[in-house]
Amino acid sequence: MIGRIGEPSVIAETVFRCSSCGVALPAPGSTQFFCPQCGEYRIGRCARCRDQSVHYRCGSCGFEGP
Ligand SMILES: [Zn+2]
Ligand SMILES: [Zn+2]
């Protein structure tokens, strides 16, 4: 471990995930939309969470919805 300072802490490739369960998206049957309250935060939902109406939470304004 010589000569390398400042390992990049952020992975370049951003993976978008289901806001409820965290599964990587896009996945079959998944959907994504912007927060109905603030319109700024992109929310992802996998097929399973859609089917079970799992609640999501906006990471920007805190809005929670089915
Ligand atoms: Zn999910
Ligand atoms: Zn919001």
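Residues numbered from 1 in each chain as written. Chains lettered and ligands numbered in written order. Predicted model: local features only at pLDDT ≥ 70, side-chain atom pairs only at ≥ 80, totals over all residues.

1. Some points on the overall build of the protein chain
Operational definition: The helix and strand labels rest on DSSP assignments: H or I over at least four residues marks a helix, E over at least two residues marks a strand, and numbering proceeds from the N terminus. Any residue with 12 or fewer other C-beta atoms within 10 Å of its own C-beta is exposed, any with 20 or more is buried, and the rest are partly exposed; the C-beta atoms used are placed from the backbone. What counts as a contact is two residues whose backbone-derived C-beta atoms lie within 7 Å of each other.
Looking only at helices and strands, the protein chain features one helix and four strands. Along the protein chain, helices (α) and strands (β) appear in the sequence β-β-α-β-β when read from the amino end. Considering the protein chain as a whole, with its 66 residues, one finds that 15% of them fall into the buried category. The contacts in the protein chain between residues at least 6 apart in sequence include a share of 35% that link residues at least 24 apart.

2. What to know about unusual backbone geometry
Glycine aside, a negative phi is what most residues show, and trans is what most peptide bonds show. Between Leu25 and Pro26 the backbone carries a cis peptide bond, its omega angle lying at 0°. Relative to the elements of secondary structure, Pro26 occurs in the segment before strand 1 (31–34). For Ser53, which is not a glycine, the phi torsion comes out positive at approximately 55°. As for its placement among the helices and strands, Ser53 is situated in the loop between helix 1 (47–51) and strand 3 (56–57). In this structure Ser53 comes out as exposed when scored by C-beta crowding, with 11 C-beta atoms within 10 Å.

3. A few points about the environment of Gly59
Structurally, Gly59 can be placed in the loop between strand 3 and strand 4 (64–65). Its 14 C-beta neighbours within 10 Å are what place Gly59 among the partly exposed residues. Spatially, the C-alpha atoms of Gly59 and Ser19 are 8.8 Å apart, while their sequence positions differ by 40 residues.

4. What to know about the confidence of the model for the protein chain
The following threshold applies: Values of pLDDT, which run from 0 to 100, indicate the predictor's confidence residue by residue.
Looking at the protein chain, the pLDDT average stands at 88 and 80% of residues meet or exceed 70. By mean pLDDT, the top-scoring element of the protein chain is helix 1 (96), and the lowest-scoring one is strand 4 (93).

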